[in-house]
Amino acid sequence: MKIADILDTKGSTVHSVLPWLTVSEVVERLGRLEIGAVLVCDEHSTMKGIVSERDIVRALRKHGTTLLTMPVSEVMTRYVQTASPDETVAHAMARMTSGRYRHLPVVENGRLVGMVSIGDLVKHRVREMELETGVLRDALISRY
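Reference entry: report on the structure contained in this document. (Residues numbered from 1 in each chain as written. Predicted model: local features only at pLDDT ≥ 70, side-chain atom pairs only at ≥ 80, totals over all residues. Heavy atoms only, no water.)

### Regarding the overall build of the protein
Defined as follows: The helix count covers DSSP runs of H or I at least four residues long, the strand count covers runs of E at least two residues long, and both are numbered beginning at the N terminus. Just to be clear, the radius of gyration here is over C-alpha atoms, and the globule rule we use is 2.2 Å times residues to the power 0.38. Classification of residues uses two cut-offs on accessible area relative to the type maximum, computed with a 1.4 Å probe and protein chains only: under 20% is buried, over 50% is exposed, and between them is partly exposed. Whether two residues are in contact is decided by their heavy atoms, any of which lying within 4.5 Å being enough. Using a 1.4 Å probe, accessible areas were evaluated by the Shrake-Rupley method; residue-level cover was limited to the displayed protein chains. His residues and chain termini do not enter the charge count, which takes Lys and Arg as positive and Asp and Glu as negative. In this description, the location of a charge corresponds to atom NZ of lysine, CZ of arginine, CG of aspartate or CD of glutamate.
Summing up its helical and strand segments, the protein has five helices and five strands in all. Going residue by residue from the N terminus, the α and β elements of the protein occur as α-β-α-β-β-α-α-β-β-α. A compact globule built from 144 residues should have a C-alpha radius of gyration of about 15 Å, whereas the protein, at 18 Å, is more than 25% larger. Projecting the C-alpha coordinates of the protein onto the three principal axes gives extents of approximately 70 × 35 × 25 Å. Relative to its 144 residues, the protein shows a buried fraction of 35%. For the protein, restricting intrachain contacts to residue pairs at least 6 apart in sequence, the fraction spanning at least 24 positions comes to 53%. Accessible surface, the protein as shown: approximately 9200 Å² in total, 54% of it carbon and sulfur. The protein carries 19 positive and 18 negative side-chain charges, and their two centres are separated by 6 Å.

Here's what the structure looks like:
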């Protein structure tokens, strides 16, 4: 299975914020949308980074409550790993696990086409394994 298969199911919506928004504004947006991360893009929609709940918690430990008034560009992760729609789910899961990140923007020909989370990948993989189990069970039953 490929990343494109997941995007076909979940859609291609990607939420982003501008780098000068405050962390407080970003926290409000994450909560309202019930998501764990947003891309940080400039006014030309160029990806500058990503900010996740984890980034915010780590920055809160370092800066205290003053964090809430800081621009999100101060706490975002600047080096963003991306995936291609043709990348396999297994390969993307391995990269995310080893890199310890939970969100992966999907880029095709330099254009952002979606974003997947580790939860999306795990859910897809579990469905795939259930299907394989069913096929094996049916094959076994048909032999006897």
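### Quick look at the pairing of strand S4 (residues 103-108)
Here is the rule: Being paired, for any two strands, means DSSP has found at least two bridges between them.
Pairing geometry for S4 and strand S5 (residues 111-117), over six bridges, is antiparallel. Looking across to S5, one finds that Val107 is bridged to Leu112. Hairpin geometry of S4 and S5 is characterised by an intervening segment of two residues between the two adjacent antiparallel strands and by a positive phi of about 50 degrees at Asn109.

### Regarding the side chain of Asp55
Put simply, the test is: Put simply, a salt bridge is a Lys or Arg side-chain nitrogen that is within 4 Å of an Asp or Glu carboxyl oxygen. Two N or O atoms form a polar contact when they lie within 3.5 Å of each other; inside protein one atom must be a possible hydrogen donor and the other a possible acceptor, and for residues adjacent in sequence the pair counts only when both atoms belong to side chains.
You can see Asp55 is positioned in helix H3 (residues 53-63). Salt bridges are absent for the buried Asp55, whose nearest opposite-charge side chain, Arg58, sits at 5.3 Å. Within the structure, Asp55 has its side chain in polar contact with the backbone nitrogen of Ser52 (distance 2.9 Å). Those residues in contact with Asp55 that lie beyond four places of it in its chain are Ile50, Val75 and Thr77.

### Things to note about the pattern of salt bridges
Taken as a whole and judged by the stated rule, the model has four salt bridges. A salt bridge links Arg32 to Glu28, with the nearest nitrogen and oxygen atoms 3.3 Å apart. Placement of both Arg32 and Glu28 in helix H2 (residues 23-33) is noted, with a separation of four residues, approximately one turn of the helix.

### Structural notes on the nonpolar core
Going by this rule: Here, nonpolar core refers to any group of buried Ala, Val, Leu, Ile, Met, Phe, Trp, Tyr and Cys residues whose side-chain atoms link them within 4.5 Å.
Val17, Val26, Val51, Leu67, Val72 and Val75 are the most contacted members of the largest nonpolar core, which totals 15 residues. Those elements giving two or more residues to this core turn out to be H2, strand S2 (37-41) and H3. In terms of residue count, H2 provides more of this core than any other element does, three residues in total. Setting aside residues up to four positions removed in sequence, Val26 forms contacts with Val17, Leu21, Val38, Val51 and Val72. In this structure, Ile3, Leu104, Val116 and Leu121 belong to the second largest nonpolar core, which totals 13 residues.

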